[in-house]
Amino acid sequence: MTKAIDSNITDSEWEVMRVVWAQNKTTSKDIRDIIENKKNWKPATTKTLIGRLVDKGVLNTEKDGNKYIYSTDLKESDFLKSRLEQTFNNICSKDVGKIIADLISKSTLSFRDIEELEEVLEMKKKNAVDEVQCNCVPGQCNCVPGQCNC
């Protein structure tokens, strides 16, 4: 039986996952050693966070002598895309473009990043609509049919 994965992870759990993604396979001591420069966590805190991630089905465990090796089957990029899709599914469709523009304006980007964005935007122009339709039920946003006050 396959265990369901809970993709709702806390900011602290993200810190642990970033180490696991970067290291592929790692121990709790390795995670602590890497994060200690950023966080002042006690060993028990790291172990608690790892335990939660195992319970959520995000981390795998493998026994190696007297220690556990942690890994994940989830790709960081896939996990991030899924989280972003969940976020965009929970907001008014009319706000998505503004939120993406805001994210871009606040991000440090390379020339290559900008070229990729320009390519995507050029492709999106082919199927663009005059106005994005609201996907909310009445009362979930401030949209008025035909105009948006969002």
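Everything here concerns the structure above.
Residues numbered from 1 in each chain as written. Predicted model: local features only at pLDDT ≥ 70, side-chain atom pairs only at ≥ 80, totals over all residues. Heavy atoms only, no water.

K.L.:
Any chance you could explain the pattern of salt bridges here in plain terms?
P.N.:
Any two side chains of opposite charge can pair, so long as their charged atoms come close to each other. According to the stated counting rule, one finds eleven salt bridges in the structure shown. Here Lys94 ties to Glu131 by a salt bridge, and the two come within 2.7 Å at their closest N and O atoms. Of this pair, Lys94 sits in the loop between helix H4 (76–89) and helix H5 (96–106) while Glu131 sits in the segment after helix H6 (111–125), and the two are 37 residues apart along the sequence. Here Lys94 falls in the buried class, since its relative accessible area comes to 13%. For Asp102, the salt bridge is made with Lys106, and the minimal N-O distance between the two is 3.2 Å. Here Asp102 pairs with Lys106, and both are found in helix H5, just four residues apart, close to one helical turn. The exposed category is assigned to Lys106, whose relative accessible area is 66%. Put simply, Arg112, Glu115, Glu116 and Glu119 are held in one network by salt bridges that share partners. (Salt bridge = Lys/Arg side-chain N within 4 Å of Asp/Glu carboxyl O. Helix = DSSP H or I, 4+ residues; strand = E, 2+ residues; numbered from the N terminus. Buried < 20%, exposed > 50% of the residue type's maximum accessible area, 1.4 Å probe, protein only.)

K.L.:
Even after reading the chapter, I still don't get helix H3 (residues 43–55), so can you show me in this structure?
P.N.:
Three- or four-residue spacings in an α-helix give side chains the same orientation, since the helix completes a turn every 3.6 residues. Here H3 contains 13 residues, and its C-alpha end-to-end distance of 18 Å stays within 8% of the 18 Å for a straight helix at 1.5 Å per residue. When H3 is considered as a whole, its buried residues turn out to be Thr46, Leu49, Ile50 and Leu53. The buried residues of H3 occupy one face: seen down the axis, they fall within an arc of 100°. Among the exposed residues of H3, those oriented more than 90 degrees off its buried face are Ala44, Lys47 and Asp55. Gly57 lies just past H3 and shows a positive phi near 80°. (Expected span 1.5 Å × (residues − 1). Arc of directions from axis to C-beta.)

K.L.:
Help me understand the pairing of strand E1 (residues 60–64) in this model?
P.N.:
Side-chain direction in a regular strand flips from residue to residue, so the side chains alternate between the two faces of the sheet. Where E1 meets strand E2 (residues 67–71), five bridges bridge the pair, whose relative direction is antiparallel. Counterpart to Asn60 in the pairing with E2 is Ser71. In sequence, E1 turns back onto E2 through a hairpin of two residues, with Gly65 there showing a positive phi of about 65°. (Pairing = 2+ DSSP bridges.)

K.L.:
I keep staring at the layout of surface pockets and nothing clicks. Help me out?
P.N.:
If you roll a probe as big as a water molecule over the atoms, it shows you where there is empty space left. In this model, the largest pocket occupies a volume close to 820 Å³. Forming the walls of the largest pocket are 21 residues, and the residues nearest its centre are Val96, Gly97, Ile100, Leu121 and Lys124. Those elements giving two or more residues to the lining of the largest pocket turn out to be H4, H5 and H6. Top contributing element to the lining of the largest pocket by residue count: H5, with six residues. Tallied by class, residues from the lining of the largest pocket come to 14 nonpolar, four polar and three charged. (1 Å grid on protein atoms, 1.4 Å probe; cavity = no way out; pocket = protein on both sides within 12 Å on 5 of 7 lines; lining within 4 Å. Points joined across faces, edges and corners; volume = space filled by probe spheres on them. Nonpolar A, V, L, I, M, F, W, Y, C, P; charged D, E, K, R; others polar.)

K.L.:
What should I look at first to understand the packing of aromatic side chains in this one?
P.N.:
How two aromatic rings sit relative to each other is set out by the distance from centre to centre and by the angle between their planes. A complete count under the given rule lists three aromatic pairs for this structure. Centre to centre, the rings of Trp21 and Phe79 are 5.7 Å apart; their planes meet at 55°, and the pair counts as tilted. Note that Trp21 is positioned in helix H1 (residues 11–23) and Phe79 in helix H4, a separation of 58 residues in sequence. Three or more aromatic residues joined by ring pairs form one cluster here, namely Trp14, Trp21 and Phe79. Sitting over the ring of Tyr68, Lys63 keeps its end group 4.8 Å from the ring centre. (Phe/Tyr/Trp six-rings, centres within 6.5 Å; stacked < 30°, edge-to-face > 60°. Lys NZ or Arg CZ within 6 Å of the ring centre and 35° of its normal.)

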